[in-house]
Amino acid sequence: MSISRRHFGLGLAALGLGACGGGLPTGGTSPVKSTGLPADLRPIPNAAYDAWVDAFKPRALAAGISQNTLNAAFRGTGYLPGVIKRDRNQTEFKRSLEDYLSIAASEERVGKGRAAFARHRSTLAALEQAYGVDAEIIAAIWGLESFFGERKGDVPVISATSTLAFDGRRGAFFEKQLIAALRILQRGDITPARMTGSWAGAMGHTQFIPTSYQAFAVDFTGDGKRDIWSEDPSDALASTAAYLARNGWTRGQAWGREITGDTSATGTVIQPQPGGPRFAVTGNFRAIKRYNNSDAYAIGVGHLADRIAGGGPLRTPFPPDANGLTKEDRIALQKGLTARGFDTGGADGVIGPNTEKAIRAYQQSRGLPLTGTPSQSLLLGL
């Protein structure tokens, strides 16, 4: 099965497949740090956007947002062209389940997950006790959503959600998110300067959209603020546990498992990629999908959780890809290209833009057709 980025949703940023950034002011003093942010995720002048904001503010006031909150929230914000570009290009990204899991449960992510779990073991254990959600599942969602807090996103949420609301493709949805974000600011949980997230407005360690934050965010530390942005991930992890607990998670039930051989009494069995592993899944698998409605995402969470707990890789191999290459072949190809001076940016077996660029450079150096496509003949020629 080919899996589209639209179906992954917000977990892509943590997988290194999305882009996060922030903004510069169109006027006044910006409360947002802009160092290192992509140029297209910094505000640019846009008269139509400004007019939309002017028309929106009375609606926000009518919804109970104070003038002071509006003034503070929109100071230094503006139209982000990169947000629109990313929103419209979502369907272009596709990966197989094998590729997705190669990223979602990479050895680097597993190692970081085990280290993060050890650092926060007491908090995660307390959350498992309080909410009934497995500690490793909470940690795995953290890992997929923000690489254990390393990639929470730097895009100002007010700029992102207002840009998307103005654009209109999903205007009603994003205006609802914008109003929710303003309510969060008005409550005092976070300041405008610290309210940052993904290009689509997902926030914090576990990437809550504003309406989900309003419904499920938890002040686990007891400081009076539901701070999912803090270096301390406790509130964010608790919020994720609360979300799953209120969306059908059953205490003591596994998410599922990889199966081999006879499946006669295993319940619901899925095989997202033809010829690849099969999984027997439970109601808790469906609860994870409430967080992100994708089989690949839920399998990624479950498998990463199993790896964090000390489990090994999947036992069933995936079949060769459309080019006749196994994952081991693709890794060998990447290593071979890099050794010859055509850097693929790593050797994970996932053929992305860097590998395709390296292939074309190699082909050009040999006078071959510039396809950028991996193949057995290319591998044998290295």
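Above: the structure in question.
Residues numbered from 1 in each chain as written. Predicted model: local features only at pLDDT ≥ 70, side-chain atom pairs only at ≥ 80, totals over all residues. Heavy atoms only, no water.

Caption draft 1: A look at the overall build of the chain. Helix and strand counts for the chain come out as 17 helices and seven strands. Across the 382 residues that make up the chain, the buried fraction comes to 52%. In the form shown here, the chain has an accessible surface area of approximately 16,100 Å², with 50% of it arising from carbon and sulfur atoms. (Helix = DSSP H or I, 4+ residues; strand = E, 2+ residues; numbered from the N terminus. Buried < 20%, exposed > 50% of the residue type's maximum accessible area, 1.4 Å probe, protein only. Areas by Shrake-Rupley, 256 points an atom, 1.4 Å probe, with all protein chains shown as cover.)

Caption draft 2: Here's a closer look at the nonpolar core. Ranked by internal contacts, the top residues of the largest apolar core, which has 83 residues, are F74, I137, I158, L182 and M195. Counting eight residues, the second largest nonpolar core, distinct from the first, contains L337, F342, I359 and L379. (Core = buried A, V, L, I, M, F, W, Y, C linked by side-chain atoms within 4.5 Å.)

Caption draft 3: Summary view of helix α3 (residues 67-74). Within the sequence span of α3, burial applies to T69, L70, A73 and F74. Down the axis of α3, the sector holding all buried residues measures 110 degrees, keeping them to one side. Close packing links the buried residues of α3 with α2 (47-62), α9 (157-167) and α10 (171-187). Positioned one or two residues after α3, G76 has a phi angle of 85 degrees, which is positive. (Arc of directions from axis to C-beta. Contact = heavy atoms within 4.5 Å.)

Caption draft 4: Region of the structure containing the pairing of strand β7 (residues 278-281). Bridge count for strand β5 (residues 256-259) against β7 is four bridges, and the pairing is antiparallel. In the sheet register, I259 faces β7, and the bridge partner there is R278. Where strand β6 (residues 268-270) and β7 come together, three bridges link them in antiparallel fashion. Its bridge partner lying in β7, V269 is registered against A280. (Pairing = 2+ DSSP bridges.)

Caption draft 5: Region of the structure containing the environment of T163. Looking at where T163 falls in the secondary structure, it is placed in helix α9. With relative accessibility at 0%, the residue T163 sits in the buried group. Residues T163 and E175, twelve residues apart in the sequence, show an inter-C-alpha distance of 9.4 Å. For T163, the residues in contact, after removing those within four places along its chain, are Y49, G78, Y79, L80, V83 and I84. For T163, the side chain forms a polar contact with the main-chain nitrogen of L80, separated by 3.1 Å. Among the polar contacts made by the side chain of T163, one reaches the main-chain carbonyl oxygen of S159 at a distance of 2.7 Å. (Polar contact = N/O pair within 3.5 Å; in protein donor to acceptor, adjacent residues only side chain to side chain.)

Caption draft 6: The arrangement of the side chain of S159 in detail. Positionally, S159 belongs in helix α9. Setting aside residues up to four positions removed in sequence, S159 forms contacts with T77, G78 and L80.

Caption draft 7: Looking closely at helix α14 (residues 295-308). Taking 1.5 Å per residue, 14 residues should reach 20 Å; α14 reaches 20 Å between its end C-alpha atoms and fits that length. Of all 14 residues in α14, twelve are buried, a share of seventy percent or more. All of the buried residues along α14 are A296, Y297, A298, I299, G300, V301, G302, H303, L304, A305, R307 and I308. In this structure S294 caps α14, since a side-chain oxygen of it lies 3.2 Å from the backbone nitrogen of A296. G310 sits one or two positions beyond α14 and adopts a positive phi of about 110 degrees. (Expected span 1.5 Å × (residues − 1).)

Caption draft 8: Representation of the sheet that holds β5 within the structure. The three strands are arranged β5-β7-β6 in an open sheet whose pairing can be described as antiparallel. Each edge of the sheet is formed by a strand with only one pairing partner; in this case those strands are β5 and β6. Between one strand axis and the next, the sheet turns by 30 degrees as a mean value, whatever way the strands run. (Axes fitted to C-alpha atoms, helices over the stretch in contact; angles between N-to-C directions.)

Caption draft 9: Region of the structure containing the packing of helix α6 (residues 107-119) against helix α8 (residues 135-146). Close contact between α6 and α8 brings their axes to 10 Å; oriented N to C, the two are set at 125 degrees. By the criterion of interaxial angle, the relationship of α6 to α8 is oblique. For α6 against α8, the interelement crossing comes out right-handed. For the pair formed by α6 and α8, the contact residues are R109, A116 and F117 on the first element and A135, E136, A139, W142, G143 and L144 on the second. When the residues that make up the contact of α6 with α8 are grouped by side-chain class, the tally is six nonpolar, one polar and two charged. (Parallel < 35°, antiparallel > 145°, perpendicular 65-115°, else oblique. Left-handed = near helix turned anticlockwise from the far one by under 90°. Nonpolar A, V, L, I, M, F, W, Y, C, P; charged D, E, K, R; others polar.)

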